[in-house]
Structure formats: C-alpha cells, structure tokens
Amino acid sequence: MVVPKRRLYLLHRWVGVILAAPALLVFFSGAIAVFHHELHDWAHRGQDYRLASEVSNFDLDRAHAIAAEGVPEKYLAPVDIPQPKQRPMRFFFHAHDQVGGTIEEHGVSVDLDPQTLETVRRRSGPRADAMAPTVLESLGTFFFDLHIQLLMPETLGLVATGIVGFALMLLVVTGTFVHRPNLAKLSRRPRTGKARRLAGEVHTFVGSWTLPFTAVLAMTGAFFSFAGAVLIPVVAMTAFDGDQEALIRAVIGQVEVADSTAVAELGPIFDDAHRRADGTFDFITLDQWNQPGANVTVGIVEHASLGDHTRTFVYDGHTGALIREKPIIGPVPSFGNTLFMLMADLHFGTLIGLVTKILWFVLGLATCALALVGLLVFVERRGDQKRTTRTVGILTGALGGGLPLATAGACLSWVIAGASGVTDVSMTMTVVFFIGLIQAGVFVAWLPLRRAIGLAWGLAGVAFLAFPFLAPLVTGLGPLAAWTQARASVAVDLGIVFVGLLLLSGAFSLRSVAAQTTHRAVESQVAV
C-alpha cells in the first residue's frame, strides 16, 4: 500500500511537471513586470511631455473642450483622464454599445500635450483599439500582459492564471508536507556531489526559503485573476442583471450628488486637489458629466522613500465642492479596503517601494530556479524511462534556456518593429517570444542539456548587451544622453547590461562543466 507521504510526493511531482510551463511563464514575466513602470519610463525617456500638475496655469477646462471636439454625444460621459509620467494627457470618452447582441465598450481616445494643448494622437473604436498601447508603451505592457493573461484573450487568460495560482497553492501544501522545511534545512547549504543529490538538495533549500513568497503570490494572484474573470461576471449576473459597471460602482462606492443643471469648472477642482495633496497628477474621472448627478474624481500620487501612495478626492460635478476623500474600495475607509490594498502591494511588490520591488524580482527568479531544478530532479530520478525523461529534458531546456532567449528576442523585436513603423508591435513581440522558446527546445533536441542551455544563455546575453544601445532607434534617447537628460533611466540600462553579462558568465560556466563531463566520460571509456 502507498503511504500518504508517498501519495503526496507523487501528487507534488506530477502537478509540478504539468504546471511547469505556465508557472514559469507567470513567475518569470512577473519578476520583470514588477518594474513595468520603470520600463515604461525608460522607453519614454526621449519624450518631454510635462505632467499637467507641473504646467503653470494649466487650463483643464480648455483641454477638455479641445479633446471633446468632434466626439459623438453618446461618448461624452464618462471620461477617463489619466497621465503617466513623460506621456501626453489622455482623454478617453466612452460608453457601451450594442454590437451583434452583446454589449461592448466603445469610445474615442484623444492624447493632448498638457503644455501646448496640441493633439498628439486620436483613436476611436472598441476600448481595446482606442486604448491600445503605443509603440513606446508596448515594451512594459507586453510583460505585464504575459504575467496577467499569458498573452491570451482577457477572460481566458485570467482564468488560466487563476488556475495556475490555485495549482501553485496545491504545490505549496504538498511540498510542505513532503520536504518538511525547518530551521536546519534553511541553514544547510546544498552539498556538491552527484547531480541527482545536488538537484534534490537545491530544490529543497530554495523551496524552503521561497515558501512564504510563493504562497502569498499564489493566493493573491488566484484572487485577482478569478475576481476579474469569474467573480465579477457571476455576481453581476445574479445581483445586478448582468450590469458589471453597476457592480463595480457599488463595490467602489457610488457617490450621491444632488441633481442640477449647473456644470462646475474643472480648473478649480484640479487646483483644490493639488492643494490638499502634496504630489503629482495621476488621473481624473468625469462621471455623468453634464448630466444630473455629475461627479469628478481626482487622483494625486504622493511620493515617499518607502513607496508612492495615491490619494483620491471626489467633487460635486455641479458645484465643484469637495464631497469627500475616499479609498479605492467603498465610500469610506474600511478593513476591506485595507486588506485589498495590502493584497495588491504584496502581489505587485509595492509594499515599501523599490526595496520590495528588488526583493520580489530576486525571489521571482529564485522561484523560477526552483521549478527548473524540480524538473531536473524528475529527469535524474526517471533516467530509465527514456521517452518521459527526454520530453521533460526538452521542456527543461526550452524553459531554462528559452525564457532568457525569448525575452531578449522580444526586446530586440520591439526595437526593430518600432523603428520600422510597425503598428502592432505587441503581436511581433509575441511571435518572436514563442519562437525563442521553441528554438531553445530545438537546441536541447540536438545538443546535451547543459550545452543547449549555455548556447541559449550566450545568445540572450549578447542580445541584452546590445539592447540599450539599439533602443534609441525607438526611444530617441540613448544611454549616454540619459546621463544628462534622464538620469533615473540609467539604472535600467545598467541593469540590462548586468543581466547580459550574467547570462554570458553562466553560458561559459555551463560550457566548461559540459566539457569536463565529456572529458571524464571519454577517460572512463578509455580506461575500460
């Protein structure tokens, strides 16, 4: 009879093998996506758009009037007005249209230069088209979408990553019972020796240290994915007659405003919010604008050494009077809002700013190493079953060598496609990314595992070293100019170069190990 621990071990092993590919994609892209704001800023370092809050005598009413010119009346409310750093102020006028029996969100997106109020870009159509990322935005958005949706359609992708989150929780539970992490295992370094024993000890050691991190990210990731893909639609269908916007307004906290025909000026509202919060402009939302019950929500980001914090103010759209400062969830501060914000900070690594971002990046890559070493353990322990071993070995090489190679290829394709004037840069990056994974699998099919991974790492290292120097073809501002014009982005340049050098170093190390292994094998054959 198979004892319970043996059953848990088998469950842990097979769930890990099946989950390896999507889990590695999620964690690897998540480690990069932690810095997606920094990637956005780095890609836009050649842009000189000032934030609206930094423009003296900025006239929000005039900007709104210019953006609204030519917009169909049915789209004039609501209006979302975000402005990330170094980018134009975007006005998104939108509403829901009946299309082929289904309700879809359509609208008009207008980008304005806050300083000159000139129109930079104007797009219309479904939300996905009107708010599609620009070429410069595509770099950070690609890795963010890979992490959240695995580059699938939105609902399907969220369900997939939600399943990955629940499966990871199962791996955490079974791994805890199988390996029983304790203080001794946390302090014991893996011993060198046979590959099978070393891989097993590394897997236990890394798994023990990353256990809390993996558990937290699995739980929060499953919640955010299923909340968007399943929970919101189901609750909306049962309690709000399918109206998801009504559900979201109820959760966020709908503001009650007395009906009136008066229309408040946006300028004084904008100025008042900035007097109340010492920070930079983030967003404005005009809800039911020019209609009874109109209200205005203003978000201001306050910057601190331990992370940024957004304060949100709600104003009466008829009188311009402040109604209240509100949290993200609910009309007033609550435990639910605090818990939600804590979950978001833990999942996205923004708990204490740059410190947790760096820590989350390292732990994310460590979790990827944990999965790859687990696959190696599987290969070493099932060496007598050739077909299974070969398949998992190719999977290990395709992921271990392919993820860096695919990422480097996607970055270079962003440069080439952006410089060539390709409009759908994201699609080009997606195709090249998966070609990189397949190419690494081909390397493993023709070469020993270590040589195959080393070759993939070497190619990726060269690509990463070249990337910062090729990026000006798209961004318009190279590393040298960044020292004087965009100093904050230099850290990203140095980080990319460091990753390239690290991959090249790993490639040479793997090549040396592979050569020594081959030499010992030849010597043993000669001795026989």
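It should be emphasised that the depicted structure is a prediction, and the values quoted were computed from it without experimental measurement. (Residues numbered from 1 in each chain as written. Predicted model: local features only at pLDDT ≥ 70, side-chain atom pairs only at ≥ 80, totals over all residues. Heavy atoms only, no water.)

Could you give me a rundown of the nonpolar core, with the residues and numbers involved?
With 60 residues, the main nonpolar core has Trp42, Leu139, Leu168, Trp414, Phe433 and Phe467 as its most contacted residues. With 11 residues, the top contributor of residues to this core is helix H1 (residues 4-33). Discounting residues that sit within four places of it in the chain, Trp414 has contacts with Trp42, Ala43, Val135, Leu136, Ser138, Leu139, Val425, Met429, Phe467, Ala471, Val474 and Thr475. Within the second largest apolar cluster, 37 residues are counted, among which are Phe270, Ala273, Trp289 and Phe313. (Core = buried A, V, L, I, M, F, W, Y, C linked by side-chain atoms within 4.5 Å. Buried < 20%, exposed > 50% of the residue type's maximum accessible area, 1.4 Å probe, protein only. Helix = DSSP H or I, 4+ residues; strand = E, 2+ residues; numbered from the N terminus. Contact = heavy atoms within 4.5 Å.)

Can you explain the pattern of salt bridges? Please cite residues and give values.
Where charged atoms from two side chains of opposite charge come close, those side chains can pair. The full count for this structure, using the stated rule, is 12 salt bridges. Residues joined by salt bridges that share partners form a network here, namely Arg90, Asp111, Arg121 and Glu137. (Salt bridge = Lys/Arg side-chain N within 4 Å of Asp/Glu carboxyl O.)

An account of the packing of helix H5 (residues 135-149) against helix H6 (residues 154-179) is requested, with residue identities and associated values reported.
Look at H5 against H6: their axes get within 7 Å of each other, and the N-to-C directions meet at 65°. Where H5 approaches H6, its residues His147, Ile148 and Gln149 are matched on the opposing element by Glu154, Gly157, Leu158 and Thr161. When grouped by side-chain class, the residues that make up the contact of H5 with H6 number 2 nonpolar, 4 polar and 1 charged. (Axes fitted to C-alpha atoms, helices over the stretch in contact; angles between N-to-C directions. Nonpolar A, V, L, I, M, F, W, Y, C, P; charged D, E, K, R; others polar.)

Account for the packing of aromatic side chains, naming residues and giving values.
Across all of its chains, the model carries 18 aromatic pairs by this definition. Ring geometry for Trp42 and Trp414: centres 6.5 Å apart, planes at 35°, overall tilted. Remark: Trp414 occurs in helix H14 (residues 402-420) and Trp42 occurs in helix H2 (residues 36-43); sequence separation between them is 372 residues. Trp414 shares its class with Trp42; the two are buried. Taken together, the ring pairs in this structure connect Phe144, Phe223, Phe224, Phe340 and Phe348 into an aromatic cluster. (Phe/Tyr/Trp six-rings, centres within 6.5 Å; stacked < 30°, edge-to-face > 60°.)

With reference to specific residues and values, describe the environment of Pro72.
Its place among the elements puts Pro72 in the loop between helix H3 (60-68) and strand E1 (79-82). Separated by 35 residues in the primary sequence, Pro72 and Gly107 have C-alpha atoms spaced 8.8 Å apart.

I'd like a description of the confidence of the model for the protein, backed by residues and values.
The pLDDT averaged across the protein works out to 84; a share of 84% of its residues lies at or above 70. Within the model, the stretch residues 518-528 combines pLDDT values under 50 with 1 contact to residues more than four positions away or in other chains. (pLDDT = per-residue confidence, 0-100.)

Summarise a nonpolar patch on the surface; cite the residues concerned and give the values.
Where nonpolar side chains cluster on the molecular surface, the patch consists of Leu306, Phe335, Leu339, Leu342, Leu351, Ile352 and Val355 and spans about 650 Å² of accessible area. If one sorts the elements of the nonpolar patch by residue count, helix H11 (residues 335-348) sits on top with 3 residues. Looking at where Leu306 falls in the secondary structure, it is placed in the loop between strand E6 (295-302) and strand E7 (309-316). Assessed through its relative accessible area of 54%, Leu306 is described here as exposed. (Patch = residues over 30% accessible without salt bridge, like charges linked within 9 Å, V, L, I, M, F, W, Y side chains within 5 Å. Areas by Shrake-Rupley, 256 points an atom, 1.4 Å probe, with all protein chains shown as cover.)

Would you mind going over the side chain of Thr141 in detail, with residue names and values included?
Of note, Thr141 is situated in helix H5. Ignoring any residue separated from it by four or fewer positions in sequence, one finds Thr141 in contact with His40 and Pro133.

Explain the pairing of E7 to me, and be specific about the residues and the numbers.
E7 sits mainly inside the fold: 6 of its 8 residues count as buried. Strand direction decides the pairing type here: E6 and E7, joined by 8 bridges, are antiparallel. Bridging across to E7, Val301 finds its partner in Thr310. As defined by bridge partners, E7 adjoins strand E8 (residues 322-326) across 4 bridges and the pair is classed as antiparallel. Within E8, the position partnered with Thr312 by the bridge is Lys326. Linking E7 to E8, which pair antiparallel, is a turn of 5 residues; within it Gly320 sits at a positive phi near 80°. (Pairing = 2+ DSSP bridges.)

Any chance you could break down H5 for me, citing the residues and the numbers?
One full turn of an α-helix is made of 3.6 residues, so residues set three or four places apart face in the same direction. In a regular helix each residue adds 1.5 Å, so 15 residues correspond to 21 Å; H5 covers 20 Å between its end C-alpha atoms and thus fits that length. For H5, the principal kink sits at Thr141 and spans about 35°. Where burial is concerned, most of H5 is hidden: 11 out of the 15 residues are buried. Residues of H5 that are buried: Leu136, Glu137, Ser138, Leu139, Gly140, Thr141, Phe142, Phe143, Leu146, His147 and Gln149. Among the residues trailing H5, Leu150 stands out with phi positive, at a value near 55°. (Expected span 1.5 Å × (residues − 1). Bend = angle between axes of the 7 residues up to and from the residue.)

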